[in-house]
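One letter stands for each residue in the lines below.
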Amino acid sequence: MTSLTTDSLAPPVAAEGRGQPPSRSGLHFPLQERLPELGTTLEVAPGVFWLRMGLPFALNHINLWLLRDRLPHPTQSGVMQEGWTAVDCGIDNAATREAWQQIETQALQGLPILRVLVTHMHPDHMGLAHWLCERWQAPLWMSTSEYQSALLACSGLSNFGGDPTVAFFHAHGWNRPEELAQVKARVGYYPSMVPKIPKSYVRLMADAQVRIGDRLWQCINGYGHSPEHMALHDAQGQLLISGDMLLPSISTNVSVYAMEPDGNPLQYFLDSLDKMQHLPDETLVLPSHGRPFQGAFARIAQLRSHHAERLDELVLACSAQALCAHDALPLIFKRALDVHQTTFAMGEAVAHLNLLWLEGRLSREQDAAGVYRFKARESQSSVKPTGD
């Protein structure tokens, strides 16, 4: 759903001096090892509070954010209501609901949640949006593509399982029946963590400005990880709520899915990073996973280098023989993968291969078994192919 660790992606480099802004060669973690306890908050900037909720995956946590806010009172004309904006929600399960109830009693200071803002539709971000919106009679804010994608996924028409996903994986070389049977059964994967979607929403759009309390946040749209991810940037306060688009120590999952089999999400993702590349080094990045950090420029450089290395390795491997995406998994992921992890790894492998194919560095053909195989072109060019 969110991110898949790749063994070859090095962890961030610590800055030399505590309390000093990062150099262009590394990252700085101002809060050091401090983490909010479950059910509590940690203030990272005036009026900006960090929550940490558990996840039942290898990636075992998600960072959520509470922002002090004020909005016109819904029933009292001319009166401003004090409260909170919640950014992202966690999955819908008993543990997360209990954690939010602890937040309600221990951290909300008797004030209501006035709106729920969701960066994107993945279950760890969207799962409890319906519950929070209903509990507080608060509107949902998110981009249109993410909202509509959540509706489709909640109804069972998702990229996470079912027959179309099995056929897509089979066409890229994953042909183990017992494993694909598990993939087919995942048709209910999304609604198991996002059982309901709020019936209405307020649209977030690229470059729109959202006033939340005393801070003015600009929406930064991003593609590749999800349909229309929205990060939030407070230029004056030098804060970036990056969602999953910029993480400090793991590479964001960027996958091709059955609904868009010839898509180029990795290129979309790399292009989206351009919008964050010129942030001042002092900008405190608030990611959805990992610790808040400074050094967006350095982190983006690390991510670009990581993907460039994987792409070059794939071209070299495809020079020796034509490979399918399943063949390429050991080149990208240097460890054993279970079925759950393999679903994301396959999407990432196809994303890398599709980028190279669409750039013209690889050719693509279907073999007699209907499997797509990629081969390095003898004379690589930047001309995009017109077809297979």
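Anything mentioned here points back to the structure above.
In this text the structure is predicted, and so the values were computed from the model without any measurement.

Asks: What should I look at first to understand the overall build of the protein in this one?
Replies: Scanning the protein for helices and strands turns up 11 helices and 15 strands. The globule rule puts the C-alpha radius of gyration for 388 residues at 21 Å, and the 21 Å found for the protein is close to it. On the principal axes, the C-alpha backbone points of the protein span a range of 70 × 50 × 35 Å. Burial status across the protein gives 56% buried among its 388 residues. Once local pairs closer than 6 in sequence are excluded, the contacts in the protein between residues at least 24 apart make up 65%. When the accessible surface of the protein is split by element, carbon and sulfur atoms take 52% of a total near 16100 Å².

Asks: Teacher, can you tell me more about helix H6 (residues 177-185) here?
Replies: Structurally, the α-helix is built with 3.6 residues per turn, so residues lying three or four positions apart point the same way. When we look at burial in H6, the residues that qualify are Glu179, Leu180 and Val183. The buried residues of H6 all sit within an arc of 95° when viewed along its axis, so they share a single face. Along H6, exposed side chains directed more than 90 degrees from the buried face belong to Pro177, Glu178 and Ala185. Those residues of H6 that are buried are in contact with helix H5 (163-171) and helix H11 (339-359).

Asks: Could you clarify how one ought to interpret the sheet that holds strand S6 (residues 140-142) in this entry?
Replies: Paired through backbone hydrogen bonds, the strands of a sheet run either parallel or antiparallel to each other. Strand order in the open sheet formed by 7 strands is S1-S2-S3-S4-S5-S6-S7, with mixed pairing between adjacent strands. Bordering the open sheet on either side are strand S1 (42-45) and strand S7 (202-203), each of which pairs with just one other strand. Of the strand pairs in this sheet, strand S5 (residues 113-117) and S6 are connected by 2 bridges, and their pairing is parallel. Looking at S6, one finds that Leu117 is bridged to Trp141. Most of the contacts of helix H1 (residues 94-106) go to strand S2 (residues 48-54), to which it runs at about 150°, and overall it touches S2, strand S3 (61-72), strand S4 (80-87) and S5.

Asks: Whenever I open this one, the environment of Trp65 confuses me. Can you help?
Replies: For Trp65, the location among the structural elements is in strand S3. Trp65 gets classed as buried once you look at its relative accessible area, which sits at 1%. For the pair formed by Trp65 and Leu117, sequence separation is 52 residues and the distance between their alpha carbons is 9.7 Å. Those residues within four positions of Trp65 in sequence are excluded, and the remaining contacts are Val44, Phe49, Trp50, Leu51, Thr85, Ala86, Val87, Ile241, Leu286, Pro287 and Pro292.

Asks: Can you help me understand the pairing of S2 in this one?
Replies: The element S2 is extensively covered by neighbouring structure, given that 6 of its 7 residues are classed as buried. Here S1 pairs with S2 via 3 bridges, running antiparallel. From the neighbouring strand, Glu43 faces S2, where its bridge partner is Phe49. Taking the residues that link successive antiparallel strands as the turn, the S1-S2 hairpin has 2 residues, and the phi of Gly47 there is positive, at about 80°. As defined by bridge partners, S2 adjoins S3 across 7 bridges and the pair is classed as antiparallel. Bridge pairing in S3 links Leu51 to Leu64. The antiparallel hairpin formed by S2 and S3 contains 6 residues in its connecting segment.

Asks: Could you clarify how one ought to interpret the sheet that holds strand S13 (residues 293-294) in this entry?
Replies: The sheet built from 6 strands is open, its strands ordered S8-S9-S10-S11-S12-S13 with mixed pairing. Two strands close off the open sheet at either side, each with one partner strand: strand S8 (209-212) and S13. Note: strand S12 (residues 284-287) against S13, 2 bridges, orientation antiparallel. Counted as the bridge partner of Val285 is Phe293 from S13.

Asks: Can you help me understand the pairing of S12 in this one?
Replies: The two faces of a sheet get side chains in turn, since along a regular strand they alternate between them. Every second residue of S12 is oriented toward a common face, with Leu284 and Leu286 on one face and Val285 and Pro287 on the other, all of them buried. Examined bridge by bridge, strand S11 (residues 239-243) and S12 share 4 bridges and lie parallel to one another. Paired with Ile241 across the two strands is Leu286, which belongs to S12. Handedness of the crossover joining S11 and S12 through helix H8 (residues 265-273) is recorded here as right-handed. Linking S12 to S13, which pair antiparallel, is a turn of 5 residues; within it Gly290 sits at a positive phi near 90°.

Asks: Explanation requested: the environment of Asp207 in the structure shown.
Replies: Along the chain, Asp207 turns up in the loop between S7 and S8. Relative accessible area serves as the criterion here: at 54%, Asp207 is assigned to the exposed category. Excluding residues that lie within four positions of it along the chain, Asp207 makes contacts with Gln218 and Cys219.

Asks: Explanation requested: the packing of aromatic side chains in the structure shown.
Replies: The way to describe two aromatic rings as a pair is by their centre distance and the angle between their planes. Evaluation of the coordinates by the stated rule reveals 6 aromatic pairs. Ring geometry for Phe168 and Phe169: centres 5.7 Å apart, planes at 45°, overall tilted. A residue is classified by how much of its surface remains accessible, and Phe168, at 7% relative accessible area, is buried. Classification of Phe169 by relative accessible area gives buried; the value is 5%. Three or more aromatic residues joined by ring pairs make a cluster, and in this case those are Phe168, Phe169 and Trp174. The ring of Trp141 is capped by Arg115, whose NZ or CZ atom sits 4.6 Å from the centre of that ring.

Asks: What am I meant to see in the packing of helix H9 (residues 296-320) against helix H10 (residues 325-332) here?
Replies: A packed helix pair is summarised by two numbers, namely the angle formed by the two axes and the spacing between the axes. For the pair H9 and H10, the least separation of the axes is 10 Å and the interaxial angle reads 130°. Judged by the inter-axis angle, H9 sits oblique to H10. Crossing geometry of H9 relative to H10 is assigned as right-handed. Seen from H9, the contacting residues are Arg310, Glu313, Leu314 and Ala317; seen from H10, they are Ala328, Leu331 and Ile332. Split into classes, the residues belonging to the contact of H9 with H10 amount to 5 nonpolar, no polar and 2 charged.

The rules behind the values
Residues numbered from 1 in each chain as written. Predicted model: local features only at pLDDT ≥ 70, side-chain atom pairs only at ≥ 80, totals over all residues. Heavy atoms only, no water. Helix = DSSP H or I, 4+ residues; strand = E, 2+ residues; numbered from the N terminus. Rg over C-alpha atoms; globule rule 2.2 N^0.38 Å. Buried < 20%, exposed > 50% of the residue type's maximum accessible area, 1.4 Å probe, protein only. Contact = heavy atoms within 4.5 Å. Areas by Shrake-Rupley, 256 points an atom, 1.4 Å probe, with all protein chains shown as cover. Arc of directions from axis to C-beta. Pairing = 2+ DSSP bridges. Axes fitted to C-alpha atoms, helices over the stretch in contact; angles between N-to-C directions. Right-handed = clockwise from strand over helix to strand, strands pointing away. Phe/Tyr/Trp six-rings, centres within 6.5 Å; stacked < 30°, edge-to-face > 60°. Lys NZ or Arg CZ within 6 Å of the ring centre and 35° of its normal. Parallel < 35°, antiparallel > 145°, perpendicular 65-115°, else oblique. Left-handed = near helix turned anticlockwise from the far one by under 90°. Nonpolar A, V, L, I, M, F, W, Y, C, P; charged D, E, K, R; others polar.

Remember, this is a structural readout, not a statement about activity or role.
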